[in-house]
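Structural characterization, general
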Amino acid sequence: MKPHPRVEAPERPRIVITPRVRGEGSSTASWGSGVAYCVRTCDGRYFPLQGKAAEEGALSQCNAFCPAAKMAIYTSSDSTKGIDGAVSRSGKAYSELPNAFVYRQRLVEGCNCTASSRIGGLSRIDVMNDPTLRRGDVVMTEEGSRVFTGGRKGPPYREADFVEPARFPELSRDMRARLTELEMASR
């Protein structure tokens, strides 16, 4: 009886995972993905940014909402961490911003979005020019609530781009009832 020839198992490819430490290499490699925030640098006040931070015009969108203050964009790849996990394009954490969370402790003179005497306010944007609107968003008008149909790719929008909640089939029955309650309460 002859011995069986020895068969070697084929070499398996190796997968090497190298964790990237913040500050090493390109800090902008993953910047712009995940949750993005517009940050008012004079007091650290922030609000979520619609769309992706890496998109062209993202900073312009922040500046449109807050034209009287210097704005910056921070992103977080982990939505559970919120602003605490957000970093700037250069890789600096939000907490490293000199005025991070100052808005929680005090009002900063001259730090507002409206360039008015109101401290800390946001500017008003005409809904017809709101770049953050998405299909199904509800807005309140003098005529009552309206749902944005998302028919156009961008502003300026027309009156026809907004319909009564009853005319928007994707709106749940529960949401329609809530909107009716809001309208009754506002009269």
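Everything in this summary refers to the structure shown in the same document. Just so it is clear, the model here is predicted, and its values are computed rather than measured. (Residues numbered from 1 in each chain as written. Predicted model: local features only at pLDDT ≥ 70, side-chain atom pairs only at ≥ 80, totals over all residues. Heavy atoms only, no water.)

1. A word on the packing of aromatic side chains
Within the structure shown, the criterion is met by eight aromatic pairs. Ring centres of Tyr-46 and Tyr-103 lie 6.1 Å apart, and the angle between their planes is 80°; this geometry places the pair in the edge-to-face category. Taken together, the residues Tyr-46 in strand β2 (residues 46–48) and Tyr-103 in the loop between β3 (71–76) and β4 (138–141) connect sequence positions 57 residues apart. We classify Tyr-46 as partly exposed; its relative accessible area is 23%. Overall, the relative accessible area of 19% leaves Tyr-103 in the buried class. Linked through ring pairs, Tyr-37, Tyr-46, Tyr-74, Tyr-94, Phe-101 and Tyr-103 together constitute an aromatic cluster. (Phe/Tyr/Trp six-rings, centres within 6.5 Å; stacked < 30°, edge-to-face > 60°. Helix = DSSP H or I, 4+ residues; strand = E, 2+ residues; numbered from the N terminus. Buried < 20%, exposed > 50% of the residue type's maximum accessible area, 1.4 Å probe, protein only.)

2. Focus on the nonpolar core
Listed in full, the twelve residues of the largest apolar core are Ala-36, Cys-38, Phe-47, Leu-49, Ala-58, Cys-62, Phe-65, Cys-66, Ala-69, Met-71, Ile-73 and Cys-113. When contributions to this core are tallied by element, the ones reaching two or more residues are β1 (35–40), α1 (58–65) and β3. Core analysis: the second largest hydrophobic core is formed by eleven residues, Tyr-37, Tyr-94, Leu-97 and Ala-100 among them. (Core = buried A, V, L, I, M, F, W, Y, C linked by side-chain atoms within 4.5 Å.)

3. Let's talk about the pattern of salt bridges
Under the definition given, this model contains four salt bridges. Notably, a salt bridge pairs Asp-43 with Arg-40, separated by 2.8 Å at the nearest N-O pair. Each member of the pair Asp-43 and Arg-40 is classed as buried. Salt-bridge contacts for Asp-161 lead to Arg-158; the nearest nitrogen and oxygen are separated by 3.7 Å. Judged by relative accessible area, which is 43%, Arg-158 ranks as partly exposed. (Salt bridge = Lys/Arg side-chain N within 4 Å of Asp/Glu carboxyl O.)

4. A word on the environment of Arg-146
Here Arg-146 shows up in strand β5 (residues 144–148). Residue Arg-146 is classed as buried on the basis of its relative accessible area of 17%. In this structure, the C-alpha to C-alpha distance between Arg-146 and Asp-161, residues 15 residues apart in sequence, is 9.3 Å. With residues near it in sequence (within four places) discarded, Arg-146 still touches Asp-137, Val-138, Val-139, Thr-141, Phe-162, Val-163 and Glu-164. (Contact = heavy atoms within 4.5 Å.)

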